[in-house]
Amino acid sequence: MNRYMMLLLPMLVASVSACASEEPGEVKTLESAGTVGVSAAAHLQGASQIPARVVARETANLATRTSGTIESVLVGIGSPVRQGQVLVRLEASGVESAVARAEAQAVVAQRTYDRLSNLERDGAATRQELDQAEAALRTAEAMRDEAHAAREYVTLRAPFDGTVSARFADPGDLAVPGRPVLVVSGTGGVKVEADLPAAMAESVANGERVTVVEPPGSRRWPATVRRVVPVIDLASHRFRVEATFDSAEDLPVAGSYVRLEIAGRGASSVWVPSDAIVRRGQLSGVYVVADDAVRLRWIRTGRRTADAVEVLAGLAEGSLVVRSPDPGLVDGAEVDGTNEIEWLFTSEGAR
């Protein structure tokens, strides 16, 4: 038995050695890469993305012009309204009394003037008495008109067709002049408002083309800057910009938060084709051609598109990266030649 084991042991060692030298799936290393396909890393001037909000083109904060108790609020959030429609009424008993008193005084003044006018023609009244009666009539008429105007102050009407987007009071609340009771947003479309850093004040102008991006970037709309407020807020060091959408189809609703993307205002970036990326565990890299050899460059990646990857660090602009590198390619492998592969890069849809 021992003799049999002694004869079998060398055979097992030889068999294991043979298997180790021909392990299935082993990648053969390439000391010479031959001719490789390459593409130049693309350079992209970055775009700034500024938080923005979508608002209605017409928005009105409705407040009363007189103090009073709110009698009724006839609409709620989301209610459609028509121009001139009554939306809020204040308790108006005092106002109606003032209107009745002013109208009565105007009637008396008119009758007094008419009587003195007849008397003045007959010589029974002086011209001075008639002038005084006329002045009293004009005063009474002015007070009547003022009372009628005050009657309008106890109602709030819709300034245009739209939708109630906010409500701040209920019946029984005290209305104060200048304090909004309702907010009405018009139906005439939406626009985008953004507050830009002061450093961009001289680089953004009316008519500039921009892009509105819906986070996380799934939808994008072309837009145009229509208004730049030439005043920088002292507290925030920002200035207001308004932009309108170039199309009226499939737009975000008023109240949405978006981003205003302004091309050429951000940091530049480098992009490479997706098939140039090699991975070693958690590391990412690319092979670049330099001095007739390939060199492995470890990189840090960022955003991605369908066929490109952004390189945040580790690669210079214009570097020739190897496309679809052979798994056995090693750092320092010699290159006989390069075959440049055309690559049309776009950052559209980058995430």
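As a reminder, the structure under discussion sits directly above these lines.
Here's what I pulled together on the structure shown here. None of these values were measured; they are calculated from a predicted model.

## A look at the overall build of the protein
Logical step 1: For the protein, the count of helices and strands is three helices and 23 strands.
Logical step 2: Within the protein, counting contacts between residues at least 6 apart in sequence, those at least 24 apart form 74% of the total.
Logical step 3: Summing over all exposed atoms, the protein offers an accessible surface of approximately 20,900 Å²; the carbon and sulfur share of this is 51%.

## Focus: the layout of surface pockets
Logical step 1: Of the voids in this model, the second largest pocket is the one considered here, and its volume is about 150 Å³.
Logical step 2: What lines the second largest pocket is Ala-56, Thr-163, Ser-165, Ser-185, Gly-186, Thr-187, Gly-189, Val-190, Pro-252, Val-253 and Ala-254.
Logical step 3: Of all elements in the fold, only strand S9 (162-167) and strand S11 (182-186) reach the threshold of two or more residues within the lining of the second largest pocket.
Logical step 4: For the lining of the second largest pocket, the residue count by class is five nonpolar, six polar and no charged.

## Quick word on the pattern of salt bridges
Two side chains that carry opposite charge are able to pair once their charged atoms sit near each other.
Logical step 1: Scanning the entire structure with this criterion turns up 18 salt bridges.
Logical step 2: Among the ionic pairs, Arg-127 bridges to Asp-131, the shortest N-O distance being 3.3 Å. Separated by four residues within a single helix, Arg-127 and Asp-131 lie in helix H3 (residues 127-153), roughly one turn from each other.
Logical step 3: Using a relative accessible area of 35% as the deciding quantity, one classes Asp-131 as partly exposed.
Logical step 4: Arg-219 serves as the salt-bridge partner of Glu-214, at 3.0 Å between the closest nitrogen and oxygen.
Logical step 5: On the accessibility criterion, Glu-214 (22% relative accessible area) is partly exposed.

## Some details on the sheet that holds strand S8 (residues 155-157)
Logical step 1: Spatially, the four strands line up as an open sheet ordered S8-S7-S5-S10, and their pairing is antiparallel. Each end of this open sheet is capped by a strand with a single partner; those strands are S8 and strand S10 (174-175).
Logical step 2: In this structure, strand S5 (residues 68-73) lies alongside strand S7 (residues 86-90), joined through three bridges in antiparallel fashion. Bridge pairing in S7 links Val-73 to Val-88.

What counts and how
- Residues numbered from 1 in each chain as written.
- Predicted model: local features only at pLDDT ≥ 70, side-chain atom pairs only at ≥ 80, totals over all residues.
- Heavy atoms only, no water.
- Helix = DSSP H or I, 4+ residues; strand = E, 2+ residues; numbered from the N terminus.
- Contact = heavy atoms within 4.5 Å.
- Areas by Shrake-Rupley, 256 points an atom, 1.4 Å probe, with all protein chains shown as cover.
- 1 Å grid on protein atoms, 1.4 Å probe; cavity = no way out; pocket = protein on both sides within 12 Å on 5 of 7 lines; lining within 4 Å.
- Points joined across faces, edges and corners; volume = space filled by probe spheres on them.
- Nonpolar A, V, L, I, M, F, W, Y, C, P; charged D, E, K, R; others polar.
- Salt bridge = Lys/Arg side-chain N within 4 Å of Asp/Glu carboxyl O.
- Buried < 20%, exposed > 50% of the residue type's maximum accessible area, 1.4 Å probe, protein only.
- Pairing = 2+ DSSP bridges.

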